Amino acid sequence: MLNDIKIIDEIYREGYLFAQYGIYLKKKFKEKIFKIPVDIGLGCPHKKNGGCIFCSEMGRPISVKYCDVKIPLKEQIEKQMINQIKKGFEKFYIYFYPGTNTYAPIEKLKEIWDFCLSYNNVIGLSIGTRPDCLEKEKLDILAEYVENGYDIWIDLGIQSVHQKTLDILNRGHKVSDIIKAIKECHKRKIKVCGHIILGLPNETWKEMMETAKILSLLEIDAVKIYPLVVVKGTKLEEIYWKGEYRTLDEKQYVNLVCDFLEHLSPYVLIQRLSKDKVPDNLKVSPEWSLNRFKIMNKVIEELKKRGSRQGLKYGQ
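The model shown is predicted, which means the values in this text are computed figures rather than measured ones.

Draft legend 1. Summary view of helix α4 (residues 106-116). Turning to α4, its buried residues are Leu109, Ile112, Trp113 and Cys116. For α4, the angular spread of buried residues about the axis comes to 95 degrees, placing them on one side. More than 90 degrees from the buried face of α4, the exposed residues found are Glu107 and Glu111. For α4, the secondary structure elements touched by its buried residues are α3 (73-86), β2 (91-96), β3 (122-129) and α5 (136-147).

Written as structure tokens, this is what we have:
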């Protein structure tokens with residue numbers, strides 16, 4: 001962790017206004033690193049309870065070529081690896097992207113994880129899951145990989161640290177599950193990237209800033225920040241057309257991201273500031289482009305305009 005702090009300090013010394021994950025990776029590994037997204041088709045245990053209001057029946061819409069459960073895992077990995085090596089990438093994480101990727105028997109998960117780590121140029125795993133699907137036995141196996149020198153991340157669906165918001169979203173877990181998941185991962189030196197949504201129904205500005213502060217106190221390693229997107233075929237779409245929920249406009253979202261960054265610890269890595277993988281034929285709202293690079297540039301412009309940076313208001 002001390003080495004990571006030194007790297008992040010160096011990022012700020014070079015004039016960056018927030019702890020950009022991509023810059024961090026280049027400095028840490030001295031090579032071009034790429035996350036290969038794969039779909040292993042594990043689904044979500046919460047679907048039987050109706051699922052989250054923003055999630056469609058088929059789960060998260062994916063538009064990444066070769067990240068497809070219909071394609072064998074070996075082929076998903078190797079097709080993407082070949083393409084990215086041509087672009088100069090040398091080392092890889094395997095990123096278990098759609099669904100709840102710890103929702104399977106431990107033997108099956110270990111077999112999948114062992115296979116992914118059998119590639120010489122794979123340096124670690126990034127596993128997307130829910131806070132209530134991280135049993136001790138599964139974390140203990142991941143801890144063994146850490147001990148063997150692999151970089152293991154849990155991509156944790158948090159969205160908010162307020163129980164009333166989690167209930168509105170029908171998340172099906174408690175805030176205590178989030179706190180426990182982060183602490184249990186850290187106990188085993190497993191890193192955590194929390195997925196956060198800004199502009200959730202009935203959530204106030206103050207509550208969003210409290211999410212930044214609480215995650216900072218929990219010493220979360222990284223965050224991905226997203227706007228709430230209304231997708232066809234969801235409960236959220238029903239609420240939206242009834243006029244009971246409005247999405248943020250681009251300016252509102254950019255300002256909220258900047259506010260969030262200001263209240264976040266300067267040592268939390270920022271992996272994303274938007275999401276750009278929602279197919280246009282499925283997106284209902286917002287109408288503005290979600291492209292992460294476009295939004296990142298607008299966030300940088302706003303931070304410069306404010307004379308601000310990540311962590312400026314942390315602790316206030």
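Picking up where we left off.
Draft legend 2. Quick peek at the pattern of salt bridges. Evaluation of the coordinates by the stated rule reveals 22 salt bridges. Linking Lys191 and Asp4 is a salt bridge whose minimum nitrogen-to-oxygen distance equals 3.8 Å. Of this pair, Lys191 sits in strand β5 (residues 191-198) while Asp4 sits in helix α1 (residues 2-13), placing them 187 residues apart in sequence. Assessed through its relative accessible area of 10%, Asp4 is described here as buried. Here Arg306 and Glu302 are joined by a salt bridge, their closest N and O atoms 2.9 Å apart. With Arg306 and Glu302 both in helix α11 (residues 292-306) and four residues apart, the pair spans about one turn of that helix. By sharing partners, the salt bridges in this structure join Lys136, Asp140, Glu184, Lys187 and Arg188 into a single network.

Draft legend 3. How the structure looks around the sheet that holds β5. The seven strands are arranged β1-β2-β3-β4-β5-β6-β8 in an open sheet whose pairing can be described as parallel. Across the chains shown, the open sheet's two edge strands, defined by having one partner strand only, are β1 (33-38) and β8 (269-272). Going from strand to strand, the sheet's axes swing by 25 degrees on average, the running direction of each strand aside. For β3 and strand β4 (residues 151-159), the ladder comprises six bridges, and the chain directions are parallel. When the bridges of β4 are listed, Leu125 appears paired with Ile152. Contacting β4 and β5, helix α7 (residues 175-187) crosses the sheet at an angle of about 170 degrees to β4.

Draft legend 4. Quick peek at the side chain of Gln20. You can see Gln20 is positioned in the loop between α1 and α2 (21-29). Every residue in contact with Gln20, bar those within four places of it in the chain, is listed here: Ile11, Ile270, Met296 and Ile300.

Draft legend 5. Region of the structure containing the packing of aromatic side chains. Tallying each qualifying case throughout the model produces eight aromatic pairs. Their ring planes at 25 degrees and their centres at 6.1 Å tell us that Tyr21 and Tyr24 sit as a pair that is stacked. Highlighted residues: Tyr21 and Tyr24, both in helix α2, separated by three residues, approximately one helical turn. For the pair shown, Tyr21 and Tyr24 are each scored as buried. A centroid spacing of 5.9 Å and a plane angle of 80 degrees characterise the contact between Tyr21 and Trp153, whose relative ring orientation is edge-to-face. Here Tyr21, found in helix α2, pairs with Trp153, found in strand β4; they are 132 residues apart in sequence, far enough to count as distant.

About the criteria used
- Residues numbered from 1 in each chain as written.
- Predicted model: local features only at pLDDT ≥ 70, side-chain atom pairs only at ≥ 80, totals over all residues.
- Heavy atoms only, no water.
- Buried < 20%, exposed > 50% of the residue type's maximum accessible area, 1.4 Å probe, protein only.
- Helix = DSSP H or I, 4+ residues; strand = E, 2+ residues; numbered from the N terminus.
- Arc of directions from axis to C-beta.
- Contact = heavy atoms within 4.5 Å.
- Salt bridge = Lys/Arg side-chain N within 4 Å of Asp/Glu carboxyl O.
- Pairing = 2+ DSSP bridges.
- Axes fitted to C-alpha atoms, helices over the stretch in contact; angles between N-to-C directions.
- Phe/Tyr/Trp six-rings, centres within 6.5 Å; stacked < 30°, edge-to-face > 60°.

Worth remembering: the numbers are spatial, not functional.
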